[in-house]
Amino acid sequence: MMTQPLVTPGSDWAAMRAAFAWPQLARFNLAEAMCDRWAQAEPERTALIYLRPDGEERRYNYVQLMRASSRFANALAGHGLKRGDRIAVLLPQTPEAVLTHLAAYRLGAVVVPLFTLFGADGLQYRLADSGARMLVTDGANLQKVLDLKPSLPDLTAVFSIDSREGGAHGFWQELGKAADACPTTDTGPDDPAFISYTSGTTGPPKGALHAHRVLLGHLPGVETHHNFLPQPGDRLWTPADWAWMGGLTNVMMPALYHGVPLVAHRMAKFDPEAAFALMDRLGVRNTFLPPTALKLMRGVVKPPRLSLRSVASGGEALGAELLDWGRGVFGTTINEFYGQTECNLVLGNSHSVFEPRPGSTGKAVPGCDVAIIDSHGHEVPPGTPGEIAVRRGPPQMFLGYWNQPEKTATKFIGDWLRTGDEGRIDADGYVFFESRSDDVITSSGYRIGPSEIEDCLTGHPDVEMAGVVGIPDPVRTEVVKAFVVARKNAGPALEAALIARVRERLSPHVAPRSIEFIDSLPMTATGKIMRRELKAKG
């Protein structure tokens, strides 16, 4: 059995868009869509290939995922998790992460994916804001959670997949005591499924609440930028963490939905040679590689000749040179795509249908209308700079910001969702991203907001004020730089202490690479930091 793709393959993009229609469903549940229907039709079909840190390879079929996730759903229900409750997942790419997602969706609970590199402050904010009742993690991250637990009254139970210190329940022990059948909650496509936190570009991070329909919304983009996934022999992997939209909704969910074996591996730090070796060893045919990963892989002296059917990338413009390199090494053209936490995968390339244009992030995917608008919400002519916007309606569009209706309202103008990104569209429908109007920093494929970092820096007693910007970097696109007004002790020792503070409290991936001490920050009349002036200082 191969699933029917949402997009009918063709050779004319405009015709494919014109013929496309979103499925109209009264009932839709992610656990059923990603697992149960395959378990019933082809129980032995390979769902997951897990390469353990020790190099051992383990395979899981769909019926194993259905039974194990049903057991864990029953275990969670026994501990009091019910429909609408939030459960956080603080895990790398592991089978247990997949099982927790499936178990939560069975119960109608709402998942809060969390990045394992988050420090105490980053975790505390997201867990408190979401009101997470339960959390699943591993021994490497357990102590961080236990230290925070006294300050999180909503968090009633913590499960660990290995270590069981500090009163944490054993994931596999609890699962083993439960029944292997669990009725799936009757959910509709608009019912909440997970909360993905934004980068926090204009204040604290906001929780983008997505519905079960979000998977359907991603399929047109995934299918086309993987050159009409699924095809016999397809096998999908990404080094991107499943806590982010790119890893979760571009790879993990669509792979399971389409019956394409999902490759999982917990890569603590991206290693380009190990990435090549993994794809070669496990026969990966389809991959999503963030631009920074591609740039690092380009530095490998003698990469193995791979024969990939599709390579997708998104988040930063690749440029002609990287596209040419990719053709030589992967044997296929890299397809760029575009989206954001609130509405992902709305633009993309599909070289099997049309030739990508260097610098362009592609055309509007079937089912999505994308335009360039002015400050009044009016479309502007081709070639005119403006804000990239998405028309209301596609299933991948968020339900709203968690508990922030006023912030949700400001995200829209008329029928358009405003991305905050500046760009232009040409006469043929290719969209070119130009700049980020919200001061977001794009580094190594991550979208990093300055506000959270600035708050962390100013929490140090020797810091009076701080401004954070991204400065150009040939490999990472941008790196984080902080400008600090110090009360005292400005110098190398304070710089090292501040960088360590951000690494520990927020996450290593958002820590400044350098800090420049200055006498005062450029400010607007209303007291806002003028980050453009800081960027100009470099």
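Reading the values: rules and limits
Residues numbered from 1 in each chain as written. Predicted model: local features only at pLDDT ≥ 70, side-chain atom pairs only at ≥ 80, totals over all residues. Heavy atoms only, no water. Helix = DSSP H or I, 4+ residues; strand = E, 2+ residues; numbered from the N terminus. Rg over C-alpha atoms; globule rule 2.2 N^0.38 Å. Buried < 20%, exposed > 50% of the residue type's maximum accessible area, 1.4 Å probe, protein only. Contact = heavy atoms within 4.5 Å. 1 Å grid on protein atoms, 1.4 Å probe; cavity = no way out; pocket = protein on both sides within 12 Å on 5 of 7 lines; lining within 4 Å. Points joined across faces, edges and corners; volume = space filled by probe spheres on them. Nonpolar A, V, L, I, M, F, W, Y, C, P; charged D, E, K, R; others polar. Axes fitted to C-alpha atoms, helices over the stretch in contact; angles between N-to-C directions. Parallel < 35°, antiparallel > 145°, perpendicular 65-115°, else oblique. Left-handed = near helix turned anticlockwise from the far one by under 90°.

1. As for the overall build of the chain
Right, so step 1: Looking only at helices and strands, one finds 16 helices and 27 strands in the chain.
Right, so step 2: Here the chain has a C-alpha radius of gyration of 23 Å; the compact-globule value for 538 residues is 24 Å, and the two agree.
Right, so step 3: Each principal axis of the C-alpha atoms in the chain carries an extent, and together these give about 65 × 60 × 50 Å.
Right, so step 4: For the chain, the residues scored as buried account for 60% of the 538 residues in total.
Right, so step 5: If you take every contact in the chain between residues at least 6 apart in sequence, the share linking residues at least 24 apart comes to 68%.

2. A look at empty space enclosed by the protein
Right, so step 1: With the rule as written, the count across this model stands at two cavities of 30 Å³ or more.
Right, so step 2: One number sums up the size of the largest cavity: a volume of about 190 Å³.
Right, so step 3: What lines the largest cavity is a set of 20 residues, and nearest its centre among them are Phe118, Arg126, Thr198, Trp244 and His509.
Right, so step 4: Elements with a contribution of two residues or more to the lining of the largest cavity: helix 5 (120-130), strand 8 (192-197), strand 24 (446-448) and helix 14 (450-458).
Right, so step 5: Among the residues making up the lining of the largest cavity, the classes are represented as eleven nonpolar, six polar and three charged.

3. Considering the packing of helix 2 (residues 30-41) against helix 3 (residues 62-78)
Right, so step 1: Relative to each other, helix 2 and helix 3 sit at 120°, their axes nearing to 8 Å. On the basis of the axis angle, helix 2 is oblique to helix 3. Between helix 2 and helix 3 the crossing geometry is left-handed. For the pair helix 2 and helix 3, contact is made by Met34, Cys35, Asp36, Trp38 and Ala39 and by Tyr62, Val63, Leu65 and Met66, respectively.
Right, so step 2: For the contact of helix 2 with helix 3, the residue count by class is eight nonpolar, no polar and one charged.

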